[in-house]
Amino acid sequence: MTNSKSRIIQSISVVLFAGLVVYLHLANPLQDAVIEASGLRVKVGDGKNWAWPDMDDSEWQNEVPSADTLFWLRTTVVLPAAAQRFEPLGVSMSISASYEIYWDGHLIGQNGRVGNSAAEEIHGSYSRAFIIPDTLATAGPHQIAMRLSSFDGVNTLSMGWPTVGNFLILTRRPVVLAAFMHLLAGAFLMIAIYYLFIYFINDRRQAFLLFALLCLVFFALMLIEFSRFYIDYPYPFQFIRLGIIILLTATASLLLPVFLMYRFSVLQKLRSTLALLAAFILFALLFDNADHSAMAIVFLSFATALGVSLRALRQRQPGSSEAFLGVVACLIGLGYFGVTIFLGFAFLVVFTLLSLSIQIRKDSQAHEEALLRSARLEVQLLKSRIRPHFLLNTLTSLITWVEESPKVAVAFIETLAREFEILNEISDQQEIPVEQEIALCRAHLDVMSLRQEVRYHLECDGIAAGDQVPPAIFHTLIENGLTHNQINCDEMVFRLSFTQQNGRKTYRLLAAGLVRNGTDHAREGTGMKYVKARLQECYPDRWQMQPRPTPAGWETQITIEGT
Amino acid sequence: MRVLIVEDETRIAKYLEKLTREILSYQMSTVHVCQSLQAGLVCLEQHRIDLLLLDLNLRGEDGFEILKKLVARRFQTVIVSAYKDRAVEAFEHGVLDFVPKPFSRIRLEQAFERFRNNRARSEYPAKFVAVRLQNRVRLLKLEDVLYFQGARGYSEVHLRDGKTELHDKPLTELCKVLPPVFERIHKSFVVNMSEVRDILVSSGSKYELALKNGKQLPIGRTRYKEVRQRWL
């Protein structure tokens, strides 16, 4: 995908996201349909007439008591004068208690069984909606009274305010929202599975695994966040559920910045991850309120994520702009935890998918190029042997031997055959044992000795048996040495030496007595290019080659780091 | 006959020398062998030679730059090279022959035959004629040449634009590499026949060739018949 295409997708996504956030902020799904109750009066204890509207509750308190008791709760709701209604009114609430609910003194519902002790109490569901009988749903003020007990809750009561409205809307709309959010969650799940497969089957890059886990955590988070609209569960479970949500949030908060760190190859990734984890634990210990700890954790997480993506953006790393936009989207979404944070994350996921697919494409391109390069080098190596300069000159020399000394001619043919044989064995390898390389060099020198009537030798010093080298690199350097040898002599020695120190391998090839003039080595021949390409293929950016004149002759030093 | 062999491979150089001596055995001949181009160029300064046997791919340097200088000289050049794919290019520069490696004695004999036979023409005609200027060599396109005129063992090159240059080879040697459109009409003239307008016959069996630019060149009495036959 081209950069411009990616930019277009980014822009469209940003506009879409901004629109959604604004829409969700303006349009609370239940806003137009409900009337909230107002004025809370609370009294611990029990009384026969406490449900009646005309009872004086002016002495009552307006704070919810600690959970471990039986108490009453009263509130008022004003119904507008309505046109004729054919759909029932209802009241809905989420409270971590068992209760009875009275409408103007009439019992209209019961959730579990209220009791004076934990043994007497039967757990009610956390979220419930009750129908208000038509005869009671007249215009004007009404009183809602509730008799509650919450012996199995945590100290503080978890409570969603009672709201009154069209019963169908009250019960249906949250489920519709949950359906949409589950749809999104399903997408996260599929993406998580996909990247898990990629990680385990194809490409063991940690960023892929982290991304999969992040998607998985968000999937779980959404499932547990929105399933409450259609699953009835006893109220004590609400506290476990909140605990799980906080844990998942903390996990996502850890995974997001860590994923970005691995994605953009931040140094000291593991250390940073551990530091982040330590800070999270510290926050959890520091605040007694779990919500405050969660808030601190989320903000630290986003600060880190923003920092990492900004750094990547400054370094112009591929995918950094997508990541940055995604993190910002999440941050905006954070304003309203219920829905938009998940939408924000959805955008982060979309952006990340976009940049990952671009990267996967680039990687496969790079892989193909590497294969092609490898094939080209092989062809180049084989071609160097059938190039007329080598092959036809060799055959011409052979003719001269045939006429002069058939015995030598036969030896010549054998030597030549050996060189070709070795060449055939190694040409499609990326690395070969150094002994094989030396054998190739010697075979070549034997051929050249017979061709040019000069005694060529290769002496070796300190060679580590079994060390791997790219094929035909010393062979090529020796060939270069032969080509540039201008002196007429009877004998010429090449010396190959090897040293290894601190994970650094050094090969030195000396062409004894060889003097090369400046213009010669300034102009780089195909041979040198071949050697460099082979080294780069095997040891990307970890090698050096330095040709230089020494008193003993022309020396080429090849250094390979990090072995 | 004086021959210079420039070949970097010792064995091949020796072999060439041996074959050359055998082939030319009945002729008085000297054979020089040089194993590098530099040594070859030095040798050319010191000795007059008639034929150069040259390995074109000479140790990394661009053979054609060298070749340009060599074909401008008086002697004939025969390339002995493994780079057969560059034979045409070599011929176009004006070499007498191109012997691809590996070669046989018969093939080499052919090359010498081409040199000895004055009526012989190279396998593939030249496109250029090289002339030595003060410090450099210029390749003139043969299609720009009107005619060559022999002068004291050299050849004057008369060009379409009226200019005249000097080429080192005598007309007889030059003819061996020229395309068939160049006809030797006279002991001292070789003419580009595509530039001819007419043949003029004057009284006293005086024959002349009229060129398109109005110039008139004499046709040798002995060659008139042949020229007439071939071109009219």
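Residues numbered from 1 in each chain as written. Chains lettered and ligands numbered in written order. Predicted model: local features only at pLDDT ≥ 70, side-chain atom pairs only at ≥ 80, totals over all residues.

Some words on the overall build of chain A
Rule in force here: Working definition: helices are DSSP H or I runs of at least four residues, strands are E runs of at least two. Numbering for both runs from the N terminus. Exposure is read from a count of other C-beta atoms within 10 Å of each residue's own; the residue is exposed at 12 or fewer, buried at 20 or more and partly exposed in between. C-beta atoms are placed from the backbone. Contact between two residues is assigned when their C-beta atoms, built from the backbone, lie within 7 Å.
Along the backbone of chain A there are 14 helices and 16 strands. In chain A, buried positions account for 35% of the 563 residues. Of the contacts formed within chain A by residues at least 6 apart in sequence, a portion of 74% connects residues at least 24 apart.

Some details on the overall build of chain B
The secondary structure content of chain B amounts to 7 helices and 15 strands. Residues counted as buried form 36% of the 232 residues belonging to chain B. Restricting the contact set of chain B to residue pairs at least 6 apart, pairs at least 24 apart contribute 52%.

Looking at the sheet that holds strand 3 (residues 70-79) of chain A
All names here are of chain A. Selection criterion: For two strands to count as paired, DSSP must find a minimum of two bridges between them. Helix axes are fitted to C-alpha atoms over the stretch in contact, other axes to C-alpha atoms as well, and angles between N-to-C directions run from 0 to 180 degrees.
Strands sit in the order 2-3-8-5-6 across an open sheet of 5 strands; the sheet is antiparallel. Either end of the sheet is taken by a strand with one partner, and the two such strands are strand 2 (38-44) and strand 6 (106-111). Taking each pair of neighbouring strands and ignoring which way they run, the sheet shows an average axis angle of 20°. Relative to strand 8 (residues 140-149), strand 3 runs antiparallel, the two being bridged by 10 bridges. Bridging across to strand 8, Leu-79 finds its partner in Gly-140.

Focus: unusual backbone geometry
Pro-102 of chain B follows Lys-101 of chain B through a cis peptide bond whose omega is -10°. As for its position among the elements, Pro-102 of chain B is in the loop between strand 5 (97-100) and helix 5 (105-116). Unlike most non-glycine residues, Arg-316 of chain A shows phi in positive territory, near 55°. By the secondary structure assignment, Arg-316 of chain A is in the loop between helix 6 (290-314) and helix 7 (320-333). The exposure class assigned to Arg-316 of chain A is exposed, which follows from the 8 C-beta atoms found within 10 Å. For Asn-502 of chain A, which is not a glycine, the phi torsion comes out positive at approximately 45°. In this structure, Asn-502 of chain A sits in the loop between strand 13 (491-501) and strand 14 (504-512). The class of Asn-502 of chain A is exposed, set by 7 C-beta atoms lying within 10 Å.

Concerning the sheet that holds strand 3 (residues 51-54) of chain B
All names here are of chain B. Spatially, the 5 strands line up as an open sheet ordered 2-1-3-4-5, and their pairing is parallel. Pairing within the sheet leaves two strands with one partner each, and these edge strands are strand 2 (30-34) and strand 5. Neighbouring strand axes in the sheet, compared pairwise and without regard to direction, differ in orientation by 15° on average. Two elements, strand 4 (residues 76-81) and strand 5, share 4 bridges in a ladder whose sense is parallel. Paired with Ser-81 across the strands is Pro-100, a residue of strand 5.

Some remarks on the packing of helix 9 (residues 388-404) of chain A against helix 11 (residues 434-452) of chain A
Residue and element names in this part refer to chain A. Put simply, the rule reads: Throughout, the term roughly parallel applies to angles under 35 degrees, roughly antiparallel to angles over 145, roughly perpendicular to angles from 65 to 115, and oblique to all others. Handedness of a crossing follows from how the near helix is turned relative to the far one, being left-handed for an anticlockwise turn of less than a right angle and right-handed for a clockwise one. For this classification, the nonpolar set comprises Ala, Val, Leu, Ile, Met, Phe, Trp, Tyr, Cys and Pro, the charged set comprises Asp, Glu, Lys and Arg, and every other residue, Gly included, is treated as polar.
It is the contact of helix 9 with helix 11, at a shortest axis distance of 9 Å, that shows an interaxial angle of 55°. Relative to helix 11, the element helix 9 lies oblique. Regarding helix 9 and helix 11, the two cross each other, and that crossing is left-handed. Two secondary-structure elements touch here, helix 9 through Asn-393, Thr-394 and Ser-397 and helix 11 through Val-447, Leu-450 and Arg-451. For the contact of helix 9 with helix 11, the class distribution of residues is 2 nonpolar, 3 polar and 1 charged.

Re the pairing of strand 15 (residues 543-550) of chain A
Residues and elements named next belong to chain A. Relative to strand 16 (residues 553-560), strand 15 runs antiparallel, the two sharing 8 bridges. Its bridge partner lying in strand 16, Gln-544 is registered against Thr-559. Between strand 15 and strand 16, which pair antiparallel and follow one another directly, the connecting turn spans 2 residues.

Section: helix 5 of chain B
Residue and element names in this part refer to chain B. Let me state the cut-off plainly: Multiply 1.5 Å by the residue count of a helix minus one, and that product is the helix's expected span. Regarding the arc, it is the one traced by the directions from the helix axis to the C-beta atoms.
For helix 5, which comprises 12 residues, the first-to-last C-alpha distance of 16 Å matches the rise-based estimate of 16 Å (1.5 Å per residue) to within 8%. Buried residues of helix 5: Leu-108, Ala-111, Phe-112 and Phe-115, and no others. Buried residues along helix 5 cover an arc of 95° about the axis, so they all sit on one side. Exposed residues lying more than 90 degrees from the buried face of helix 5 are Ile-106, Glu-113 and Arg-116. Considering only its buried residues, helix 5 is in contact with helix 1 (10-23), strand 3, strand 4 and strand 5.

Thoughts on the nonpolar core
What tends to happen in soluble globular proteins is that the nonpolar side chains get buried as a cluster. To be explicit about the condition: Connectivity within a nonpolar core runs through C-beta atoms within 7 Å, and the core itself is a set of buried Ala, Val, Leu, Ile, Met, Phe, Trp, Tyr and Cys residues.
Core analysis: the biggest nonpolar cluster contains 61 residues, and Leu-214, Cys-215, Val-217, Phe-218, Leu-255 and Phe-259 of chain A have the highest contact counts within it. Those elements giving two or more residues to this core turn out to be helix 2 (167-202), helix 3 (206-226), helix 4 (237-263), helix 6, helix 7 and helix 8 (340-386) of chain A. At 16 residues, the largest contribution of residues to this core is made by helix 3 of chain A. For Leu-214 of chain A, the residues in contact, after removing those within four places along its chain, are Ala-252, Leu-255, Leu-256 and Phe-259 of chain A. The next biggest cluster of nonpolar side chains, apart from the first, holds 59 residues, and it includes Leu-52, Leu-54, Val-80 and Val-95 of chain B.

Regarding the environment of Asp-446 of chain A
When you line up the elements, Asp-446 of chain A lands in helix 11. Spatially, the C-alpha atom of Asp-446 of chain A lies 8.3 Å from that of Leu-416 of chain A, the residues being 30 residues apart in sequence.

A few points about the packing of helix 4 of chain A against helix 6 of chain A
Residue and element names in this part refer to chain A. For the pair helix 4 and helix 6, the least separation of the axes is 8 Å and the interaxial angle reads 10°. One way to sum up the angle between helix 4 and helix 6 is to call them roughly parallel. The way helix 4 lies across helix 6 gives a crossing that is left-handed. The segment helix 4 lies against helix 6, with Ile-246, Thr-249, Ala-250, Ser-253, Leu-254, Leu-256, Pro-257, Leu-260 and Met-261 engaging Ala-290, Ala-294, Ile-297, Val-298, Ser-301, Thr-304, Ala-305, Val-308 and Ser-309. When grouped by side-chain class, the residues that make up the contact of helix 4 with helix 6 number 13 nonpolar, 5 polar and no charged.

Some thoughts on the environment of Glu-425 of chain A
With respect to the helices and strands, Glu-425 of chain A occurs in helix 10 (residues 406-426). Distance from Glu-425 of chain A to Pro-471 of chain A, taken between C-alpha atoms, is 9.9 Å for residues 46 residues apart in sequence.

Side note on the confidence of the model for chain B
To keep things clear, this is the line we draw: The pLDDT score gives, residue by residue, the confidence of the prediction method on a 0 to 100 scale.
In the predicted model, chain B carries a mean pLDDT of 87, and 97% of its residues have values of at least 70. As scored by the predictor, the complex reaches a pTM of 0.61 and an ipTM of 0.79.

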